[in-house]
Amino acid sequence: MKLGELGERIVLKSEKAFKQIRFVDYEIADGSIYNSRRMERDKKARRAYLDNHGIDFNTLSGDLYALDILREQVRNDDPRLR
């Protein structure tokens, strides 16, 4: 796997394509180095998503998770459902 740009995806659409990939090697990622990088990348991706959808980060009233909706803890008029 290779880290790509936000929104880029590679999809294997056939059994033939899937059979072409192979395991080559692995490296252990040092959490003391890569966890902070992962968190920064996640923060940047979330900011880009909000910016691309015209959402002002400062007006968000809290995080909304699918589990909240599934547990019916969110009403139809909830401002987070924009």
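It should be noted that the structure appears before, not after, this text.
Residues numbered from 1 in each chain as written. Predicted model: local features only at pLDDT ≥ 70, side-chain atom pairs only at ≥ 80, totals over all residues. Heavy atoms only, no water.

### Quick look at the overall build of the protein chain
Broken down by element type, the protein chain carries three helices and zero strands. Helices (α) and strands (β) of the protein chain occur, in sequence order from the N terminus, as α-α-α. By residue count, 5% of the 82 residues in the protein chain fall in the buried class. Carbon and sulfur atoms make up 52% of the accessible area of the protein chain, which amounts to about 8,700 Å² in all. (Helix = DSSP H or I, 4+ residues; strand = E, 2+ residues; numbered from the N terminus. Buried < 20%, exposed > 50% of the residue type's maximum accessible area, 1.4 Å probe, protein only. Areas by Shrake-Rupley, 256 points an atom, 1.4 Å probe, with all protein chains shown as cover.)

### Remarks on a nonpolar patch on the surface
Judged by side-chain polarity, Ile10, Leu12, Phe18 and Ile21 come together as a nonpolar surface patch covering roughly 470 Å² of accessible area. For leucine 12, a relative accessible area of 40% corresponds to the partly exposed category. (Patch = residues over 30% accessible without salt bridge, like charges linked within 9 Å, V, L, I, M, F, W, Y side chains within 5 Å. Salt bridge = Lys/Arg side-chain N within 4 Å of Asp/Glu carboxyl O.)

### Concerning the pattern of salt bridges
In this structure the tally under the stated criterion is three salt bridges. The salt bridge partner of aspartate 77 is arginine 75, with a shortest N-O separation of 3.2 Å. When its relative accessible area of 55% is taken as the criterion, aspartate 77 is described as exposed.

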